Amino acid sequence: MIEQHYGELQLPLSLHRHLEKLLSGYTIPVQATRLVINYRALDYYQTKQGLHPVEIQLKQTGDQWLVVFIASFSFINTHHKSVDVELYFHLINHWCYQPDAGGRCDLLHPAVIDLFRTWVAAFLRHIQYKQFDDISLTVLR
């Protein structure tokens, strides 16, 4: 159902299983071609502390769903009213964006792959301990 391989990068098995299980809990319209999954700890928006929101976008290709990107967001500082991208992994096009580390870079660079794996491991721990109080799926088209 969800593709696990993105060139030399492989979606960690535990994240792949989580996404498969999550999607199996929804009735996805046959005509759907894009899905967005949002993970939120709602108190972050009030306190600007705690777990940062995460978005995962998928697109359908044939009978497979591809993970287009995984992004996390944060307030740039305590004065901002909205969140902005803090880390963006574009799996299909193999690039990563981190504004405070110089911008865009190659996702397949060994150090970036390590960052991706470390970030995913932390993200999955938050899911395991049910630290996101809002997980939603939206059909874009």
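Everything that follows concerns the structure shown earlier in this document.
Heads up: these notes are all about the structure in this document. Worth saying up front: this structure is predicted, and the values here are computed from it rather than measured.

A look at the overall build of the protein chain
Phase 1: Tallying secondary structure elements over the protein chain gives three helices and nine strands in all.
Phase 2: Starting at the N terminus, the α and β elements of the protein chain follow one another as β-β-α-β-α-β-β-β-β-β-α-β.
Phase 3: Whereas a compact globule of 141 residues would reach a radius of gyration of roughly 14 Å, the protein chain reaches 15 Å, a difference of no more than 12%.
Phase 4: Dimensions of the protein chain, computed from C-alpha atoms along their principal axes, come out at roughly 45 × 35 × 30 Å.
Phase 5: Look at the contacts in the protein chain between residues 6 or more apart in sequence, and 48% of them connect residues 24 or more apart.
Phase 6: Surface summary for the protein chain: the accessible area is close to 8100 Å², and the carbon and sulfur share equals 51%.
Phase 7: On the protein chain, the mean spot of the 12 positive side-chain charges and the mean spot of the 13 negative ones are 4 Å from each other.

Rules behind the numbers
- Residues numbered from 1 in each chain as written.
- Predicted model: local features only at pLDDT ≥ 70, side-chain atom pairs only at ≥ 80, totals over all residues.
- Heavy atoms only, no water.
- Helix = DSSP H or I, 4+ residues; strand = E, 2+ residues; numbered from the N terminus.
- Rg over C-alpha atoms; globule rule 2.2 N^0.38 Å.
- Contact = heavy atoms within 4.5 Å.
- Areas by Shrake-Rupley, 256 points an atom, 1.4 Å probe, with all protein chains shown as cover.
- Lys, Arg positive; Asp, Glu negative; His and termini not counted.
- Charge placed at Lys NZ, Arg CZ, Asp CG, Glu CD.

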